[in-house]
Amino acid sequence: MAGIGSVVLRRAMSTESKRMVDRFIRVDHAGEVGANYIYRGQMAVLGNTEVGRVIQRMWDQEKEHMAKFEELIPQHRVRPTVLLPIWNVAGFVLGAGTALLGKEGAMACTVAVEDSIVEHYNNQIRALIEDDPEKHKELLEVIKKFRDEELEHHDMGLEHDAEAAPAYQTLTNVIKGGCKAAIWLSERI
Amino acid sequence: MALRFIRIVCFSTSSLLKTAGRSRPLSTSSALRCTKTDQENSGSQHEQHTESSEDPHMHEEIPESEVRQRLLDAALEFVPTHGWSVEALAEAAQTEGLPAVSHGMFPRGGGDLALHFVGVCNAQLAEQMAQETQQVEEGHVERRHTREFLRDAMETRLRMIVPYVDNWPQAMSLLAQPNCAPDSLKLLSGLVDDMWYHAGDRSADLNWYTKRVTLAGVYTSAQLVLVRDQSPDYQETWEFIDSRLDNLEQLGKAVRGVAPTVESLAQGLSGAYLTIRNITGFNVRDR
């Protein structure tokens, strides 16, 4: 039933709206896949430590997010990003790499990534509300919920001494820059 | 007041265009631009300048896009005799009561006609498939096996070409021209996306791409077989489609069996990393 409902909804949306939703869902899916691999990389290094439990919890939530977007992709007839294999590897390398700097490094990575993602989701929420809050109601609810959960991860990261990581500022800036580039690419490709 | 403002805007636009090197007379181009923005309150002074209509009352009520659609639909009747060409468009214009030069609305001539035809057929197929999907979701009908569904979808779509099959090679070559190729490719991608979606594909990874690219390959080669097909009721074409879909299925199975999935790739990376760490003695901290 949901399938046909969305077919009808898509016909009701203007081309501009459709293109925007298409871009948003594509990049969000790519982001969640990347986040998944980042946490997987972190678990590979720190899985057996105390902070492993925290990372596992955050990872489980990211898995839920990814599953939701994998559902939305066929529902809205969205083309997934071609760069998926790259985000898989890049995410894993980032997660494992920062985790090697210690628990603080992993938390710093989490804080930086979640910060970028929250900002990105907020931009999307603003754009969707500006376009048509009624038509995009379901998508808005999903993105708002995920934004709140990512914010929780961000705060958890700070709680676990992210700021004590070596070269915290540089690390944060580099990671945020990388996230911005990844978002830009996946919106288009 | 608003009219005057629009005329000023039109005038400046057209003078800009003139400096860009266009040779259309100033008054015609400005009037055309005015007519497009001014359709709701078209006064009689604008109507005389429109190329697409001689009848002022027709122009007042019917937007240009609808005139284009009607012309293209009418032109399809003349394709068997005149081919995919401006002649077919000109003949259709005359039956619609428009001047023969109305084919000027279509700068790509026969290519525009072929694109319109492909678009209409794709839309018809999408409609049929959507209806079947709806029946399945409401529980009236069993969902068909993917391969059977794809085969039937292909057959339905290719049968729409059959009335024009004698001229179809001309259409195919027009669609391959650089001025039509991007639009033609877009229509083809839309077609295979619809076919896969209604066949039940819900993939959200690179399989999305491989499935559509391979199906597009099957469809285009089936078209080529169709135009050469002399067998009764085009049996040869349907058998060709069957064997290509068989190949697709086998290819899919082979790829799944041999190539590492992304999941196992990630596991491989984790494993490699842990091994290297153990070998180099860089152990876990709290051991």
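Everything quoted here is computed from the prediction, not taken from an experiment. (Residues numbered from 1 in each chain as written. Chains lettered and ligands numbered in written order. Predicted model: local features only at pLDDT ≥ 70, side-chain atom pairs only at ≥ 80, totals over all residues. Heavy atoms only, no water.)

Colleague: Can you help me understand the pattern of salt bridges in this one?
Modeller: If the charged atoms of two oppositely charged side chains come close together, the side chains can form a pair. Residue and element names in this part refer to chain B. Tallied over the entire structure, the rule returns 29 salt bridges over all chains. Across the pair arginine 147 and aspartate 246 runs a salt bridge whose closest N-O atoms are separated by 3.1 Å. Taken as a pair, arginine 147 in helix H9 (residues 146–159) and aspartate 246 in helix H13 (residues 235–258) lie far apart in primary sequence, 99 residues in all. With relative accessibility at 33%, the residue aspartate 246 sits in the partly exposed group. The structure contains a network of salt bridges with shared partners spanning Glu132, Arg144, Arg147, Glu148, Arg151, Asp152, Glu155, Arg159, Asp233, Asp242, Asp246 and Glu249. (Salt bridge = Lys/Arg side-chain N within 4 Å of Asp/Glu carboxyl O. Helix = DSSP H or I, 4+ residues; strand = E, 2+ residues; numbered from the N terminus. Buried < 20%, exposed > 50% of the residue type's maximum accessible area, 1.4 Å probe, protein only.)

Colleague: I keep staring at the nonpolar core and nothing clicks. Help me out?
Modeller: Across soluble globular proteins, you tend to see nonpolar side chains buried next to one another. Counting 58 residues, the largest nonpolar core has B:Trp84, B:Leu113, B:Leu158, B:Trp168, B:Met195 and B:Leu215 as the members making the most contacts within it. If you list the elements that add at least two residues to this core, you get helix H5 (64–75), helix H7 (86–95), helix H8 (110–138), H9, helix H10 (168–175), helix H11 (181–199), helix H12 (207–228) and H13 of chain B. Element by element, the count of residues in this core is highest for H8(B), at 8 residues. Sequence-distant contacts of B:Trp84, that is, excluding residues within four places in its chain, are made with B:Leu76, B:Val79, B:Gly110, B:Leu113, B:Ala114, B:Phe117, B:Tyr164, B:Asn167, B:Trp168, B:Gln170, B:Ala171 and B:Leu174. Of all hydrophobic cores here, the second largest spans 53 residues; its members include A:Met107, A:Val113, A:Ile143 and A:Ala165. (Core = buried A, V, L, I, M, F, W, Y, C linked by side-chain atoms within 4.5 Å. Contact = heavy atoms within 4.5 Å.)

Colleague: Would you take a moment to explain the confidence of the model for chain B for this structure?
Modeller: As a general rule, the predicted coordinates of low-pLDDT regions are not to be interpreted in detail. Per-residue pLDDT for chain B has a mean of 81; in total, 75% of the residues score no lower than 70. Here residues 19–53 of chain B is modelled with pLDDT under 50, and outside its nearest four sequence neighbours on either side it reaches 46 contacts, counting other chains as well. (pLDDT = per-residue confidence, 0-100.)

Colleague: Even after reading the chapter, I still don't get unusual backbone geometry, so can you show me in this structure?
Modeller: Where the residue is not glycine, phi is negative for most of them; where a peptide bond is considered, it is trans in most cases. With phi around 50 degrees, A:Ala167 is a residue other than glycine that occupies positive phi space. Along the chain, A:Ala167 turns up in the loop between helix H6 (137–159) and helix H7 (168–188). The backbone phi angle of B:Tyr234 is positive, close to 60 degrees, even though this residue is not glycine. In this structure, B:Tyr234 sits in the loop between H12 and H13.

Colleague: Which parts of the structure should I look at to understand the side chain of A:Gln42?
Modeller: Residue and element names in this part refer to chain A. On the secondary structure map, glutamine 42 appears in helix H2 (residues 15–46). Judged by its relative accessible area of 0%, glutamine 42 is buried. In contact with glutamine 42, not counting residues within four places along its chain, are Gly47, Ile55, Gly95, Ala96, Thr98, Ala99, Ala106, Cys109 and Thr110.

Colleague: What is the right way to read the environment of A:Val33 from this model?
Modeller: Tracing the backbone through its elements, the reader meets A:Val33 in helix H2. Aside from chain neighbours lying at most four places away, what touches A:Val33 is A:Met66, A:Leu84 and A:Asn88.

Colleague: Is there a simple way to think about the interface of chain B and chain A in this case?
Modeller: Counting from both sides, the interface comprises 29 residues of chain B and, opposite them, 28 residues of chain A. For the pair chain B and chain A, the summed buried surface comes to about 2,400 Å²; carbon and sulfur atoms form 61% of the total. It is B:Tyr197, B:Ala204 and B:Tyr209 that lose the most area in chain B upon contact with chain A, and together they represent 23% of the buried surface on that side. At the junction of chain B and chain A, the tally comes to 2 salt bridges. Here A:Arg77 ties to B:Asp194 by a salt bridge, and the two come within 2.6 Å at their closest N and O atoms. Here chain B is connected to chain A by 5 residue pairs in polar contact (both at pLDDT 80 or more). Within the residue set of the side of chain B that touches chain A, elements represented by two or more residues are H8, H11, H12 and helix H14 (262–280) of chain B. Residue contributions to the side of chain B that touches chain A peak at 8 residues, all from H14(B). Among the residues making up the side of chain B that touches chain A, the classes are represented as 13 nonpolar, 4 polar and 12 charged. (Buried area = accessible area lost by both parts, 1.4 Å probe. Polar contact = N/O pair within 3.5 Å; in protein donor to acceptor, adjacent residues only side chain to side chain. Nonpolar A, V, L, I, M, F, W, Y, C, P; charged D, E, K, R; others polar.)

Colleague: Looking at this model, I keep getting lost on a nonpolar patch on the surface. Mind explaining?
Modeller: Among the surface-exposed residues, A:Val82, A:Trp184, A:Leu185, A:Ile189 and B:Leu206 lie close enough to one another that they form a single nonpolar patch of about 400 Å² accessible area. Relative to the helices and strands, A:Val82 resides in the loop between helix H3 (51–75) and helix H4 (84–100). We classify A:Val82 as partly exposed; its relative accessible area is 35%. (Patch = residues over 30% accessible without salt bridge, like charges linked within 9 Å, V, L, I, M, F, W, Y side chains within 5 Å. Areas by Shrake-Rupley, 256 points an atom, 1.4 Å probe, with all protein chains shown as cover.)

Colleague: For this particular structure, what's the right way to read H5(B)?
Modeller: An α-helical turn contains 3.6 residues, so any two residues separated by three or four positions project in the same direction. Residue and element names in this part refer to chain B. In a regular helix each residue adds 1.5 Å, so 12 residues correspond to 16 Å; H5 covers 16 Å between its end C-alpha atoms and thus fits that length. Residues of H5 that are buried: Val67, Leu71, Leu72, Ala74 and Ala75. Taken end-on, H5 shows its buried residues confined to a sector of 165 degrees, consistent with a single buried face. Contact partners of the buried residues in H5: helix H6 (79–82), H7 and H8. (Expected span 1.5 Å × (residues − 1). Arc of directions from axis to C-beta.)

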